[in-house]
Amino acid sequence: MAIETMTEAQRLQAVNSKNNRTPTSNLGKDDFLQLLTTQLKNQDPMNPMEDMDFIGQMAEFSSLEQMLNLNTGVDKINTALTNNTTTQAMMFLGTNVTANVDDSEEPITGTVSTIGFKDNQPYLKVGEYAVALDQVKLVNY
C-alpha cells in the first residue's frame, strides 16, 4: 500500500478551500500556524518531519508573533506621541509666545490664535506665521 504525500501547493489549496479564502501574498500568524498544523496532519507517517525542522518552524512562528507584537507596540507609542504634541499645541491657544521663524532673523512675538497641522505636525498660528512647537522660545501667560 503506497502512501501519498501532499505537495506544498496541495496543502495551501486544502487550507484555502477549507476557509473559503483567496490566496494572498501576506501570511499572518494564524495562517502560519494553520499551515504548520495541516503539514503535521498530512505528513508521511513512515517519514515524519524531523525534530529540527519542526523546531525551526516553531521558532519562525514565535519570531513572527513577536514582530507583530513589537509592531503593535510601536504603533501605540507613535499614536501617543502624536496625540501628546497635539495636546501640547492646544495648551498654547490664547497665550503670548516668542518664537524664531525660519524666514525672519528677528524672533516674532504674538498671541497664538489657531492650531493647525502641516505634514501631520501641529503648528501654532501667530500673526501671519505658522510656528512649530520647537521654534517657541518664550511663553507668557
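These numbers were taken from a predicted model, which means no experiment stands behind them.

Quick look at a nonpolar patch on the surface
Reasoning step 1: Among the surface-exposed residues, Met52, Phe54, Ile55 and Met58 lie close enough to one another that they form a single nonpolar patch of about 400 Å² accessible area.
Reasoning step 2: The residue Met58 is located in helix 3 (residues 51–91) in this model.

With respect to the sheet that holds strand 3 (residues 121–126)
Reasoning step 1: In spatial order, the strands read 4-3-2-1-5; together these 5 strands make up an open sheet with antiparallel pairing. Two strands in the sheet have a free side with no partner beyond their single neighbour: strand 4 (129–132) and strand 5 (136–140). When strand polarity is set aside, the average angle formed by the axes of neighbouring strands in this sheet is 45 degrees.

Focus: the confidence of the model for the protein
Reasoning step 1: Of the residues in the protein, 80% reach a pLDDT of 70 or more, and the chain-wide mean stands at 79.
Reasoning step 2: Within the protein, helix 1 (residues 8–19) has the poorest average pLDDT of any element, 65, and strand 1 (residues 96–99) the best, 94.

Rules used in this analysis
Residues numbered from 1 in each chain as written. Predicted model: local features only at pLDDT ≥ 70, side-chain atom pairs only at ≥ 80, totals over all residues. Heavy atoms only, no water. Patch = residues over 30% accessible without salt bridge, like charges linked within 9 Å, V, L, I, M, F, W, Y side chains within 5 Å. Areas by Shrake-Rupley, 256 points an atom, 1.4 Å probe, with all protein chains shown as cover. Salt bridge = Lys/Arg side-chain N within 4 Å of Asp/Glu carboxyl O. Helix = DSSP H or I, 4+ residues; strand = E, 2+ residues; numbered from the N terminus. Pairing = 2+ DSSP bridges. Axes fitted to C-alpha atoms, helices over the stretch in contact; angles between N-to-C directions. pLDDT = per-residue confidence, 0-100.

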